[in-house]
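Given next are the chains, with one letter for each unit.
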Amino acid sequence: MSIVTVQLGQCGNQIGHEVFSAICGDVRGRHGLCSKRENDSYHDACKERFFCEEESAVPVARAVLVDMEPKVISQTLSMAARSGYWKYDERSHFCQKQGSGNNWANGYSVHGPRHKEVIMNLVQKEAEKCDRVGGFFTIMSMAGGTGSGLGAFVTQSLRDAFPSSFILNHVIWPYGTGEVIVQNYNSVLTLSHLYRSSDALLVHENDVIHQICAQLMNIKQISFRDVNQVIAHQLGSVFQPTYTAEGALHYSRNPLGDLLEALVPHPEFKMLGLRNIPQMPERSLAYSTFSWPGLVKHFRQMLIANAKMEEGIDWQVRPPRPGAFVPSSHSTNKPLRFNTSIANLVILRGKDVHDVDLGSFRDPSLYASWLNPQDTFNAWKTPRAFNKYEKSAALVSNSQFLLKPLDSVVGKAWNMFASKAYMHQYAKFGIEEEDFLDSFTALEQVISSYTTL
């Protein structure tokens, strides 16, 4: 089954390009550390997911590029073509001459309806090129106008046009001290609308990725491209082929469906966070050795302590003992430290994966008590190494990972809303106070659901 990627706005298009480059680089690399037969079937499964072959024999990304300004799309198309290893279909993009001015309402209420037919036609054509469509993967930012506003509109249109297809939104969470003064408004409107249409939201926080670039990758002057490459590596580590069942003979054919089935047991809980281990500059790889027990131990503690990366983990945090009284997270004398999960998926790639013991992730005390323990944890594996790492692991978690940033964004947006700041800019495009109140109510419900786990 194939995934159709929809890249929205400047951020979505730049990250989308890095994702396809990372996937293509991984497939072409000679670092697989596995048999030729294994490598060939990995290669074929990846091609089916993300690329279609044309007469030219250069793989063509299964993607639609959308932006309201032409500059980024034209750069993205030419960079992919220049690589010589993959390219975009020159006809699968749509752009205009005028942006959305960082206004969610402009993207959602003006550009969306005006260009819906053209954009959805492009998506339809891309879907028709697939033997079987496994679903849609959108990439967008929450802070600006096009990615967020138009992105929310396009997601809604996808849901209407493909009611039974899977839709996973990849969302970039803005920097806490962002450059866009109305980014919290845009974020609240985006998240509340995506929650209605999407099957799940896979979130990357810009602040966290920036920290990884500085502390783990040792990059001194961090550019957007550096940040996007770390995000692309993490996404590739989830979406590249794996065996989703112990003893399986074939790579999973339905990556989005398998991911959502493993992680979203209830429609109230759709927020997915992603962690990777190890992450380091390529020049350090030759001097590093990792053992699976060590990686698994670090990973589990990152999960329960809500650590963003493998440096600076709080090793004091422990799961509550069965039967022990746990004060609610609202209680004033206890900070929310232990990270309770709905579901977790660990993806292991590389040497000796089939011998790894992941029993510590099945501990019922890590999960909400109302869930069946059998449904809370899944492990996917492949002996094929990823992106030059001899051993690597990814954790996709539906847990309280995003509770704090969500609470913070809603709080900041509410403070601005209470003083009616910038409301006129949204009202002129038809987004009224009532729409904001609906969005706040929806997200307060999400916050409440995750808090009471």
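Residues numbered from 1 in each chain as written. Predicted model: local features only at pLDDT ≥ 70, side-chain atom pairs only at ≥ 80, totals over all residues. Heavy atoms only, no water.

Novice: Describe the pairing of strand 1 (residues 2-8), listing the residues and the values that go with them.
Specialist: Within strand 1, seven of the seven residues are buried, leaving the element largely enclosed by the surrounding structure. Of the two faces of strand 1, both are covered, the one formed by S2, V4, V6 and L8 as well as the one formed by I3, T5 and Q7. Relative to strand 6 (residues 133-141), strand 1 is paired through six bridges, and the arrangement is parallel. Among the inter-strand pairings, Q7 is bridged to a residue of strand 6, identified as I139. Across four bridges, strand 1 lies against strand 4 (residues 63-67) in parallel orientation. Bridging across to strand 4, V6 finds its partner in V64. (Buried < 20%, exposed > 50% of the residue type's maximum accessible area, 1.4 Å probe, protein only. Helix = DSSP H or I, 4+ residues; strand = E, 2+ residues; numbered from the N terminus. Pairing = 2+ DSSP bridges.)

Novice: Hey, could you go over the nonpolar core for me, with residue numbers and the actual values?
Specialist: Residues L168 and F239 are the most contacted members of the largest nonpolar core, which totals 138 residues. Element by element, the count of residues in this core is highest for helix 4 (residues 104-128), at eight residues. Once residues within four sequence positions are removed from consideration, F239 is found in contact with I3, R49, F50, F137, L168, L202, L256 and L259. Core analysis: the next-biggest nonpolar cluster, separate from the first, contains five residues, A45, Y243, Y251 and F386 among them. (Core = buried A, V, L, I, M, F, W, Y, C linked by side-chain atoms within 4.5 Å. Contact = heavy atoms within 4.5 Å.)

Novice: Describe the pattern of salt bridges, and please don't skip the residues or the numbers.
Specialist: Applying the stated criterion across every chain yields a total of 13 salt bridges. A salt bridge links R384 to D26; its shortest N-O distance comes to 2.9 Å. Remark: D26 occurs in helix 1 (residues 9-28) and R384 occurs in the loop between strand 11 (377-382) and strand 12 (391-399); sequence separation between them is 358 residues. For R384, a relative accessible area of 0% translates into the label buried. R253 is the salt-bridge partner of E48, the closest N and O atoms lying 2.6 Å from each other. Note that E48 is positioned in helix 2 (residues 36-50) and R253 in the loop between helix 8 (224-239) and helix 9 (255-263), a separation of 205 residues in sequence. According to the relative accessible area criterion, E48 is partly exposed, its value standing at 24%. (Salt bridge = Lys/Arg side-chain N within 4 Å of Asp/Glu carboxyl O.)

Novice: Lay out the packing of helix 1 against helix 8 with the relevant residues and their values.
Specialist: Axis separation between helix 1 and helix 8 bottoms out at 8 Å; the angle between their running directions is 50°. Comparing their axes, helix 8 and helix 1 come out oblique. Every pair of crossing elements has a handedness; the one defined by helix 1 and helix 8 is right-handed. Between helix 1 and helix 8, the residues in contact are Q14, I15, E18, V19 and A22 and R225, N228, Q229, I231, A232 and L235, respectively. Split into classes, the residues belonging to the contact of helix 1 with helix 8 amount to six nonpolar, three polar and two charged. (Axes fitted to C-alpha atoms, helices over the stretch in contact; angles between N-to-C directions. Parallel < 35°, antiparallel > 145°, perpendicular 65-115°, else oblique. Left-handed = near helix turned anticlockwise from the far one by under 90°. Nonpolar A, V, L, I, M, F, W, Y, C, P; charged D, E, K, R; others polar.)

Novice: Can you lay out the domain arrangement of the chain for me, pointing to particular residues and giving the numbers?
Specialist: Taken domain by domain, the chain holds domain 1 (2-273), domain 2 (282-402) and domain 3 (404-452). One C-alpha centre belongs to domain 1, the other to domain 3, and the line joining them spans 26 Å. At the interface, 26 residues of domain 1 touch 24 residues of domain 3. For the pair domain 1 and domain 3, the two sides together bury roughly 2,300 Å², of which 72% comes from carbon and sulfur. Area buried by domain 1 at its contact with domain 3 is led by N184, Y185 and V188, which between them contribute 29% of it. Here domain 1 is connected to domain 3 by zero salt bridges. Across the domain 1-domain 3 interface, the total number found is 10 residue pairs in polar contact (both at pLDDT 80 or more). Looking at the side of domain 1 that touches domain 3, the elements that each hand over two or more residues are helix 4 and helix 6 (183-197). In terms of residue count, helix 6 provides more of the side of domain 1 that touches domain 3 than any other element does, 10 residues in total. (Domains from an automatic or database assignment. Buried area = accessible area lost by both parts, 1.4 Å probe. Polar contact = N/O pair within 3.5 Å; in protein donor to acceptor, adjacent residues only side chain to side chain.)

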